[in-house]
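# A look at the structure
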Amino acid sequence: MTGRAERAYIVDDDAGMRRSLRFVLVSAGYDARPFLSGEDLLDELPHLQPGIVLLDVRMPGMDGLEVLARLHEDAKRFPVIVMTGHGDVPTAVKAMKLGAADFLEKPFVDDALLQALAHVRQRLAADEAYERRRAEAERTVAELTVREREVLQGIAAGYANRQIAETLGLSVRTVESYRADMTEKVGTTAVADLVRLALLVNLPPLEGEESPPARQER
């Protein structure tokens, strides 16, 4: 089944450019669909599967930057590669600020187009991998008790067991017990992995006092 990274939507008022781009993309294995205007794309957007948008800037009616602004909220589903006229750097800069994933200066060769698409696909794959890790981290942290989660927060803040105990008003032995239970559920005792886990789910620091410098665990 064709996925988001293998699906492309071509938006250009030049019929010759649409045909040329579609031929290159289909030859490279993409499912490519052309659109005459930005309005046409936006009208169909609710019915489209996610894919990469190749968007011309200079078009009658709604120009590419206006379309890009409308697509901003859907940037993850429809990343945009903007196609600009040769030397139109200010427009390209505006496009990047509006969330364009990349831009191509016309005229461009087929390899430049395919390379830009490959770069966007790589970023999509990296984003999806991150989202999978984050979702898994959220499921893992959700299985922790309140105390176990507080111990994790303390570790991520650089606290030693004694400092966590002082902050929570517990004994060191109790904190050690919670830490053992927490690391068993998480599946690692490595501090670096625990810190990454806390960062993935955006755990806040422990309340009560500022994070002191980390001390060597004994």
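Relevant structure appears above.
These notes cover the structure that comes with them. For clarity, every value in this text was computed on a predicted model and none was experimentally measured. (Residues numbered from 1 in each chain as written. Predicted model: local features only at pLDDT ≥ 70, side-chain atom pairs only at ≥ 80, totals over all residues. Heavy atoms only, no water.)

### Details of helix 4 (residues 89–97)
Definition in use: The rule is simple: take the accessible area with a 1.4 Å probe, protein chains only, and divide by the maximum for that residue type; under 20% is buried, over 50% is exposed, in between is partly exposed. Labels follow the DSSP assignment, with helices taken as runs of H or I lasting at least four residues and strands as runs of E lasting at least two, numbered in each case from the N terminus. Our arc is simply the arc of the directions from the helix axis toward the C-beta atoms. In what follows, a contact means two residues having at least one pair of non-hydrogen atoms within 4.5 Å.
If you check which residues of helix 4 are buried, you get Thr-91, Ala-92 and Ala-95. The buried residues of helix 4 all sit within an arc of 100° when viewed along its axis, so they share a single face. Within helix 4, the exposed residues directed more than 90 degrees away from the buried face are Pro-90, Lys-94 and Lys-97. Packing partners of the buried residues in helix 4 comprise helix 3 (64–71), strand 4 (80–84) and strand 5 (102–105). Just beyond helix 4, the residue with positive phi is Gly-99, at close to 110°.

### Things to note about the pairing of strand 2 (residues 31–35)
So the rule is basically this: Pairing between two strands requires that DSSP report at least two bridges joining them. If the strands point away from the viewer and the path from the first strand over the helix to the second runs clockwise, then the crossover is right-handed.
Pairing between strand 1 (residues 7–11) and strand 2: 5 bridges, direction parallel. Bridging across to strand 2, Tyr-9 finds its partner in Arg-33. Handedness of the β-α-β unit built from strand 1, helix 1 (residues 15–27) and strand 2 comes out right-handed.

### Considerations on the sheet that holds strand 1
Where we set the bar: Interaxial angle, 0 to 180 degrees, is taken between N-to-C directions of lines fitted to C-alpha atoms, where a helix line uses only the stretch in contact.
Taken in spatial order, the 5 strands of this open sheet run 2-1-3-4-5, and their pairing is parallel. The outermost strands of the open sheet, each flanked by one partner alone, are strand 2 and strand 5. The average undirected angle you get between the axes of adjacent strands in this sheet is 20°. As judged from the 4 bridges shared by strand 3 (residues 52–56) and strand 4, these two strands associate in the parallel manner. The partner of Leu-54 across the bridge, within strand 4, is Ile-81. Strands in contact with helix 5 (residues 110–142) are strand 3, strand 4 and strand 5; relative to strand 5, the strand with the most contacts, it is inclined by about 180°.

### Quick word on unusual backbone geometry
Put simply, Lys-106 and Pro-107 share a cis peptide bond, and its omega is -5°. Relative to the helices and strands, Pro-107 is located in the loop between strand 5 and helix 5. Backbone geometry places Asn-202, a non-glycine residue, at a positive phi of 60°. Along the chain, the position of Asn-202 falls in the segment after helix 9 (191–200). Residue Asn-202 is classed as exposed on the basis of its relative accessible area, which comes to 64%.

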